[in-house]
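What follows is each chain in one-letter form.
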Amino acid sequence: MHSPITERRKSRVRPVLLALASLAVALLVACGSTDEVATVDGEPITFDEVTALIPDTGDTVDVTRFANSLMLVVADRVMSAEAEEQFGVVRTVQLIDAKLGELLMQTGLTPEQIYETYGLTETSLRLIAAQEVTADQVTAELLAGAGPPDEEELMAIYEGSLNELSQVCAAHILVETEEEGVAVYDRAAAGEDFAALAMELSTGPSGPNGGDLGCSSPATYVEEFAAATLEAEVGVPFGPVQTTFGWHVILVNERIVPAFEDVRDGLAEDLRLSEGNRQWVDWLTLVLVEAEVTVEPEYGTWSTEPSPNIIPPES
């Protein structure tokens, strides 16, 4: 049973995994037989180019899946051409192979497992890897003229990230009312053994274990509890603190808060990566909006609002 003060955080999903997941759809409908399904700046995209990204399903293919796959081809045409024209960068087979290896390591899956899990083909997986290579190259160019990070901004990020950066070893006693919390605090502050009080009074699942929560980042706790673990004096009972689970009396046994100087370089790199991702998205959106894209109506509709995309036809 999980502690009631623990709030599980959703992990951030890399853009490439979102791209993989976006291809997984089911309903099959018949497609037309026109060879040319779209054009990018006057250059055709063929039906076979798109279906090469989709596992063989016989004579039919889902219209939403086809539109998503077509969008990958359109985006690839635009980004690779604009990257070469604007920055002179060209992705090579070697770079794509290396990126593919990185993606496989990140997922922890074999190519065959990725094909089965995400409904991909070797061609679609290599296309995603190729687009990641272009993203890396363009991002590097966009950031080439960036100056050093602003120290005040880094300090603000540091102060706002202490929940994630710090480590606390704590115990707590959970009760239902503020009055009970005050009574517990008074007894703990008077010198009664905290673990014994927790075993006697705590309604939380850690009570039988003396209220011990182990050591973790405050970010694993709900906001009010996390703030208290950073505010409390080490070794001194603190509270009572109200959360959605009740009232807590907290004992922080150890707390490690890294100095700004020790994490500054990592924060600067995170900031650089965040800014690079923002500039990449802005650049890609702009070049897609400015591209001349046409889509045959039976395969979808090209739209740039609210963002560039191919809208599947109604089935």
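Residues numbered from 1 in each chain as written. Predicted model: local features only at pLDDT ≥ 70, side-chain atom pairs only at ≥ 80, totals over all residues. Heavy atoms only, no water.

Trainee: Describe the sheet that holds strand β8 (residues 246-256), listing the residues and the values that go with them.
Mentor: Read across the open sheet, the four strands follow the order β6-β5-β8-β7; overall the sheet is antiparallel. Two strands in the sheet have a free side with no partner beyond their single neighbour: β6 (212-216) and β7 (238-243). On average, each strand axis in the sheet is tilted by 35 degrees relative to the strand beside it, whichever way the strands run. Contacting β5 (167-175), β7 and β8, helix α9 (residues 178-189) runs over the sheet at an angle of about 160 degrees to β7. Against the sheet, helix α11 (residues 223-231) makes contact with β5, β6, β7 and β8, and its axis sits at roughly 45 degrees relative to β8, the strand it touches most. (Pairing = 2+ DSSP bridges. Helix = DSSP H or I, 4+ residues; strand = E, 2+ residues; numbered from the N terminus. Axes fitted to C-alpha atoms, helices over the stretch in contact; angles between N-to-C directions. Contact = heavy atoms within 4.5 Å.)

Trainee: Which residues make up the pairing of β8, and what values do they have?
Mentor: Two strands pair when backbone bridges link them, and β5 and β8 are joined in this way by nine bridges, in the antiparallel orientation. Paired with Leu174 across the two strands is His248, which belongs to β8. The sheet contact formed by β7 and β8 spans four bridges and is antiparallel. For Phe238, the partnering residue across the bridge sits in β8 and is Ile250. Between the antiparallel neighbours β7 and β8 lie two residues.

Trainee: Before we move on, can you summarise the packing of aromatic side chains with the specific residues and values?
Mentor: By the definition in use, this model includes seven aromatic pairs. Their ring planes at 50 degrees and their centres at 6.1 Å tell us that Phe47 and Tyr299 sit as a pair that is tilted. Here Tyr299 lies in the loop between β9 (293-295) and β10 (301-303) and Phe47 lies in helix α2 (residues 47-51), a separation of 252 residues in the sequence. Take Phe47 and Tyr299: they sit in the same class, and that class is buried. Taking 6.2 Å as the distance between ring centres and 45 degrees as the angle between the ring planes, the aromatic pair formed by Phe87 and Trp283 counts as tilted. (Phe/Tyr/Trp six-rings, centres within 6.5 Å; stacked < 30°, edge-to-face > 60°. Buried < 20%, exposed > 50% of the residue type's maximum accessible area, 1.4 Å probe, protein only.)

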